[in-house]
Amino acid sequence: MNDPRLRPESVLVHAGRPPVQAGAAVNEAITLTSTYVAGGELNYGRDGHPTTAAFEAAIAALETPPSDGSATVSTTAFASGMAAAAALVEGLPTGSVVVAPTSYYNFHRTLLAEQEALGRLTIRTVDITDTAAALAAMDGAALVWLETPTNPGLAVPDLPALTAAARAAGALSVVDATVATPLGLRPLEFGADVSMHSATKWIGGHSDLLMGLLSTADPRVHDQIRRRRTLTGAMPGALEAYLALRGLRTLSVRLERACASAAELATRLAAHPAVTSVASLADPRHPQAERVSRLLRHRGAMLSFTTDSVERADALCSRVHLITHATSLGGVESLIERRGRYDGERAQHTPPELVRLSVGIEHVEDLWDDLAQALE
Ligand SMILES: *Cc1c(COP(=O)(O)O)cnc(C)c1O
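Residues numbered from 1 in each chain as written. Predicted model: local features only at pLDDT ≥ 70, side-chain atom pairs only at ≥ 80, totals over all residues. Heavy atoms only, no water.

**Description of the overall build of the chain**
Right, so step 1: If you tally the helices and strands in the chain, you get 14 helices and 12 strands.
Right, so step 2: Here the chain has a C-alpha radius of gyration of 20 Å; the compact-globule value for 376 residues is 21 Å, and the two agree.
Right, so step 3: Projected onto its principal axes, the C-alpha coordinates of the chain cover approximately 65 × 55 × 35 Å.
Right, so step 4: By the burial criterion, 54% of the 376 residues in the chain qualify as buried.
Right, so step 5: The contacts in the chain between residues at least 6 apart in sequence include a share of 71% that link residues at least 24 apart.
Right, so step 6: When the accessible surface of the chain is totalled, it reaches about 15,800 Å², and 54% of it is carbon and sulfur.
Right, so step 7: For the chain, the distance from the average site of its 32 positive side-chain charges to the average site of its 41 negative ones is 3 Å. (Helix = DSSP H or I, 4+ residues; strand = E, 2+ residues; numbered from the N terminus. Rg over C-alpha atoms; globule rule 2.2 N^0.38 Å. Buried < 20%, exposed > 50% of the residue type's maximum accessible area, 1.4 Å probe, protein only. Contact = heavy atoms within 4.5 Å. Areas by Shrake-Rupley, 256 points an atom, 1.4 Å probe, with all protein chains shown as cover. Lys, Arg positive; Asp, Glu negative; His and termini not counted. Charge placed at Lys NZ, Arg CZ, Asp CG, Glu CD.)

This is the structure:
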């Protein structure tokens, strides 16, 4: 199903299905096998399997820039988002320079910091919202790691400028677009070499699986990615691939509700006396508002905000009833946590009173009632 005229909301319902034939199943089966009879395309379970391939085909269809139905985007699924990130980082030759954001998903920071401590890589951190500073850091880099929007700060870099500069510097650019989802951002459209997602979040959408994704239109990069997955054994399981594909089918309707609720909650939180600042992509005063409207197709279902004290933030997380105090994001159920409880967030100076709220699909008034009583 690669009709370039279809809108993404239709693509995600129909891509990755078996051929429509009389009597055929409408869904790809959950194929449980570790090996294949010799002589075919697949040989062993670490190389790939049909359920995962169906999910990968659906994501590749979504990641293909609409203006360019001719580009062949290939997607590789991994056992988690971190397995996908590691595949890009661990394949770099020793001594490579990596440009990375000062504030982004904290386990990416930890992964790169460890590679630097091992003497394998040199990490140049830079405020990626500062385009001039980011461009100045790219000389001699092998990999430019970008995140749009960032988790938890919701910062938005000027992707076209940064990916063009990375290309000119001979560096591979990767954009972690987990928080945007493939409906919100197609990094390849803005010049990225690789688009990365944790499918654990909105794509899966039900907090019941871990999975990561790397998509690229460069066949050489795709071959390297596949090779890393095979060599490190980072294949996802067939059940996870099935659930992720099933989750993907409803992504647009889940997001529609969650994004609308997130925008409303951001407005009400900003007016609450115990809340000192709110980061929301829906806020016209977002510091990179122009980039938000130029690059992102929706305003997201994640918020972060600061309260007037760390104690207030902790009390909020322990007093919510409907919202669950738990890490992660992107599920149908709303989740809240204070990010400063992690070493990795403290290391990148995330404000200690910053609370991250992943807005689910509950009724917005029930969510507000819960937040309001917990902020008392
Ligand atoms: C969760 C997350 C990851 C890591 O993905 P896992 O599936 O948890 O390994 C990477 N990037 C972002 C932005 C995330 O939110």
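There is more to say, and it comes next.
**With respect to a nonpolar patch on the surface**
Right, so step 1: Taken together, the side chains of Ile30, Leu32 and Leu239 present a nonpolar region at the surface, about 310 Å² in accessible area.
Right, so step 2: Residue placement: Ile30 occurs in the loop between helix 1 (8-14) and helix 2 (50-63).
Right, so step 3: What makes Ile30 partly exposed here is its relative accessible area of 36%. (Patch = residues over 30% accessible without salt bridge, like charges linked within 9 Å, V, L, I, M, F, W, Y side chains within 5 Å. Salt bridge = Lys/Arg side-chain N within 4 Å of Asp/Glu carboxyl O.)

**Focus on the packing of aromatic side chains**
Right, so step 1: One pass over the full model with this rule turns up 1 aromatic pair.
Right, so step 2: Arranged with centres 6.0 Å apart and planes meeting at 40°, the rings of Tyr105 and Phe107 form a pair that is tilted.
Right, so step 3: With relative accessibility at 44%, the residue Phe107 sits in the partly exposed group. (Phe/Tyr/Trp six-rings, centres within 6.5 Å; stacked < 30°, edge-to-face > 60°.)

**Description of the sheet that holds strand 9 (residues 302-307)**
Right, so step 1: Taken in spatial order, the 5 strands make up an open sheet running 8-9-12-11-10, and their pairing is mixed. With one partner strand each, in any of the chains shown, strand 8 (275-279) and strand 10 (324-325) form the two edges of the open sheet.
Right, so step 2: Looking at chain direction, strand 11 (residues 335-338) and strand 12 (residues 354-358) are connected through 4 bridges and run antiparallel. Of the residues in strand 12, the one forming a bridge with Ile336 is Leu357.
Right, so step 3: Against the sheet, helix 12 (residues 310-319) engages strand 9, strand 10, strand 11 and strand 12, with an angle of about 150° to strand 11. (Pairing = 2+ DSSP bridges. Axes fitted to C-alpha atoms, helices over the stretch in contact; angles between N-to-C directions.)

**Details of unusual backbone geometry**
Right, so step 1: In the segment running from Thr148 into Pro149, the intervening peptide bond is cis, with an omega of -15°.
Right, so step 2: Along the chain, Pro149 falls in the loop between strand 4 (143-147) and helix 6 (159-168).
Right, so step 3: Cis geometry marks the peptide bond from Asn151 to Pro152; its omega dihedral reads 10°.
Right, so step 4: Looking at where Pro152 falls in the secondary structure, it is placed in the loop between strand 4 and helix 6.
Right, so step 5: Of note, Thr181 is a non-glycine position whose phi angle comes to about 65°, a positive value.

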